[in-house]
Amino acid sequence: TRTRADQPPELLRSFQAPYPKHLIAAGIEGRVLLLVEVLPNGRAGKVTLVKGIHPELDQLAILSLQRFRWRPARRAGVKVATEIPLAFRFTIRE
């Protein structure tokens, strides 16, 4: 559901799922790109995987969105659903 908004959604709370140790050991890192529907209640709705890096990390990124909260987008002062791109970065730190 793509709605043109006067005010875009504003991220209030995010969450980064724990990076699985076996994927760190395997050297798997990168960015998961998603298209996220932000609902009028400030929660994530439909999520589309645009570019993944590993099925397990892709799923972790999508599941993490359940904990995200936004101030929803508005059009003429009314809360509306809108889609936004979102990237999750999984980086191995040594």
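In this report, the structure presented in the accompanying data block is examined. The structure presented is a predicted model; accordingly, all values stated were derived computationally and were not measured.

As for its placement among the helices and strands, Asp58 is situated in helix α2 (residues 55-64). The side chain of Asp58 sits in the buried core without any salt bridge; Lys51 is the nearest counter-charge, 9.6 Å away. The residues contacting Asp58, other than those within four sequence positions of it, are Val32, Leu49, Gly52 and Ile53.

This part covers unusual backbone geometry. One non-glycine residue, Ala76, lies in positive phi territory at about 55 degrees. Note that Ala76 resides in the loop between β5 (73-75) and β6 (78-80). For Ala76, a relative accessible area of 66% puts it in the exposed group.

Below, the discussion takes up the pairing of strand β7 (residues 82-90). Judged by which residues are buried, β7 turns out to be one-sided: Thr82, Ile84, Leu86, Phe88 and Phe90 face inward and are buried, whereas Glu83, Pro85, Ala87 and Arg89, on the alternate face, are not. Pairing of strand β2 (residues 30-38) with β7, which is carried by nine bridges, proceeds in the antiparallel orientation. Within the sheet, the bridge partner assigned to Arg31 lies in β7 and is Arg89.

Our next topic: α2. For α2, the complete set of buried residues consists of Leu57, Asp58, Leu60, Ala61 and Ser64. Down the axis, α2 shows its buried residues gathered within 160 degrees of arc, on one side only. Residues of α2 that are buried in the fold lie against α1 (21-25), β2, β3 (44-51) and β7.

A few words now on the pattern of salt bridges. Under the criterion given, the structure shown has one salt bridge. In this structure, the salt-bridge partner of Glu10 is Arg71, at a minimum N-O distance of 2.8 Å. With Glu10 in strand β1 (residues 10-13) and Arg71 in strand β4 (residues 69-71), the pair connects residues that are 61 residues apart, well separated along the chain.

Below, the discussion takes up the packing of aromatic side chains. Using the criterion set out here, one finds three aromatic pairs in the structure. Here the aromatic rings of Tyr19 and Phe90 are separated by 5.4 Å at their centres, their planes lie at 75 degrees, and the arrangement is edge-to-face. One end of the pair, Tyr19, is in the loop between β1 and α1; the other, Phe90, is in strand β7, and 71 residues separate them in sequence. Considered together, Tyr19 and Phe90 belong to a single accessibility category, that of buried residues. Relative to Trp70, the ring of Phe68 has its centre 5.6 Å away and its plane inclined at 45 degrees; by these criteria the two rings are tilted. Phe68 gets classed as buried once you look at its relative accessible area, which sits at 5%. Each member of the aromatic cluster is reached from another via a ring pair, and the members are Phe68, Trp70 and Phe88. The aromatic ring of Phe15 is capped on one face by Arg67, whose charged end is 4.1 Å from the ring centroid.

Definitions and cut-offs
Residues numbered from 1 in each chain as written. Predicted model: local features only at pLDDT ≥ 70, side-chain atom pairs only at ≥ 80, totals over all residues. Heavy atoms only, no water. Helix = DSSP H or I, 4+ residues; strand = E, 2+ residues; numbered from the N terminus. Buried < 20%, exposed > 50% of the residue type's maximum accessible area, 1.4 Å probe, protein only. Lys, Arg positive; Asp, Glu negative; His and termini not counted. Salt bridge = Lys/Arg side-chain N within 4 Å of Asp/Glu carboxyl O. Contact = heavy atoms within 4.5 Å. Pairing = 2+ DSSP bridges. Arc of directions from axis to C-beta. Phe/Tyr/Trp six-rings, centres within 6.5 Å; stacked < 30°, edge-to-face > 60°. Lys NZ or Arg CZ within 6 Å of the ring centre and 35° of its normal.

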